[in-house]
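Given next are the chains, with one letter for each unit.
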Amino acid sequence: DRGRAKCVQEVEEKNRERELKAAADSVLSEVRKKQADTKRMVDILRALEKLRKLRKEAAGRKGVCPPPSADEAFEHHIQNLRTLIRKRTELYEAEERALRVMLEGEQEEERKREMEKKQKKEREKLLQQKRDIDSMLFGDPDEFPLNHLLQPYRQYYLQAEHSVPALIQIRHEWDQYLVPADHPEGSCIPPGWVIPSLPTNDTWATAVR
């Protein structure tokens, strides 16, 4: 059951990661589209420069030479466009980084919420198991009268939940078996079988036989 639960958890985590990645891709798609547009504009500028160079060479072979002012004007416009594209590229990159940070934060919060939800579910499951066990041992508490035959046993079993001294005493009684045998207040669990002592009287001897 634990192995199956672990596999189910891994599948659920992978599905959540896939969903979060799809959401992130959807949010970033607009920024990527803008970035693709700027790259296309850069390619268009390069193509324009190449086309003007080819036309200038063709005109030179025919003896037609454009004035230097035309070259200066063309380079001025190209530089202005490149500056504009560079600024837009930097702006889109900053926007993408901000979105990625925001999405990573949202993903982390989503993972935390899922973990808290899972822990809460586990706690509720354990509490329900405890209630079921208590109900099987001592009956349903909602239908449990104060003068019930098992009431003293129920009080003894649940005393640590209502009394700190009782909790300390129970822990002390349990912990004394976790210390070495030579501890002054402890008695470790025997490593082998415990051989019963011989009967101390004839009555007890008859019961043993």
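The shown structure was predicted, so the numbers you read here are calculated from the model rather than taken from an experiment. Think of each chain on its own: its residues are numbered from 1, step by step along the sequence as written. With pLDDT at 70 or above as the cut-off, local features in this predicted model cover only qualifying residues; side-chain atom pairs require 80 or more to be listed or tallied, and sums for whole chains, interfaces and linings still use all residues. Heavy atoms throughout the structure, all of them, feed into the side-chain values; hydrogens and water do not.

Novice: Can you explain the nonpolar core? Please cite residues and give values.
Specialist: Ala24, Leu28, Val31, Leu99 and Leu103 form the largest nonpolar core, which has five residues in total. Among the secondary structure elements, those contributing two or more residues to this core are helix H1 (2-61) and helix H2 (68-138). Sequence-distant contacts of Ala24, defined by excluding residues within four places in its chain, comprise Leu103 and Gln107. We define the nonpolar core as a collection of buried residues of types Ala, Val, Leu, Ile, Met, Phe, Trp, Tyr and Cys that are connected through side-chain atoms lying within 4.5 Å of one another. Only protein chains enter the area calculation, which uses a 1.4 Å probe; residues under 20% of their type maximum are buried, those over 50% are exposed, and those in between are partly exposed. Numbering of helices and strands runs from the N terminus, with a helix taken as a DSSP run of H or I at least four residues long and a strand as a DSSP run of E at least two residues long. Here, residues are in contact when the closest pair of their heavy atoms is within 4.5 Å.

Novice: Account for the side chain of Asp71, with residues named and values stated.
Specialist: For Asp71, the position within the fold is in helix H2. Think of a polar contact as two N or O atoms within 3.5 Å of one another; within protein, one of them needs to be a possible hydrogen donor and the other a possible acceptor, and neighboring residues in sequence only count if both atoms come from side chains. Looking at Asp71, its side chain comes within polar contact range of the side chain of Lys56, at 2.9 Å. Ignoring any residue separated from it by four or fewer positions in sequence, one finds Asp71 in contact with Arg52, Lys56 and Pro66.

Novice: Kindly report on the pattern of salt bridges, identifying the contributing residues and their values.
Specialist: Put simply, a salt bridge is a Lys or Arg side-chain nitrogen that is within 4 Å of an Asp or Glu carboxyl oxygen. Summed over the entire model, instances satisfying the criterion amount to five salt bridges. With a closest N to O distance of 2.2 Å, Asp37 and Arg40 form a salt bridge. Placement of the pair is Asp37 and Arg40 together in helix H1, with a separation of three residues, close to one helical turn. Looking at Arg40, the relative accessible area reads 46%, which means it is partly exposed. Its salt-bridge partner being Lys130, residue Glu161 comes within 2.7 Å of it at the nearest N-O pair. You can see Glu161 sitting in the loop between helix H3 (151-157) and helix H4 (164-175) and its partner Lys130 sitting in helix H2, a full 31 residues away along the chain.

Novice: Which residues make up a nonpolar patch on the surface, and what values do they have?
Specialist: The patches described consist of residues with a relative accessible area above 30% and no salt bridge, like charges being joined within 9 Å and nonpolar side chains (Val, Leu, Ile, Met, Phe, Trp, Tyr) within 5 Å. Residue exposure ignores everything except the shown protein chains as possible cover, and the areas themselves are Shrake-Rupley values with a 1.4 Å probe. Taken together, Ile133, Met136, Leu137 and Tyr157 make up a surface patch of nonpolar side chains, about 440 Å² in accessible area. Inspection of the secondary structure puts Tyr157 in helix H3.

Novice: Could you give an account of the confidence of the model for the protein, with specific residues and numbers?
Specialist: Per-residue pLDDT for the protein has a mean of 80; in total, 89% of the residues score no lower than 70. Taken element by element, the protein is modelled with least confidence in H3, mean pLDDT 79, and with most confidence in H4, mean pLDDT 88. A residue's pLDDT is the confidence the predictor assigns to it, expressed on a 0 to 100 scale.

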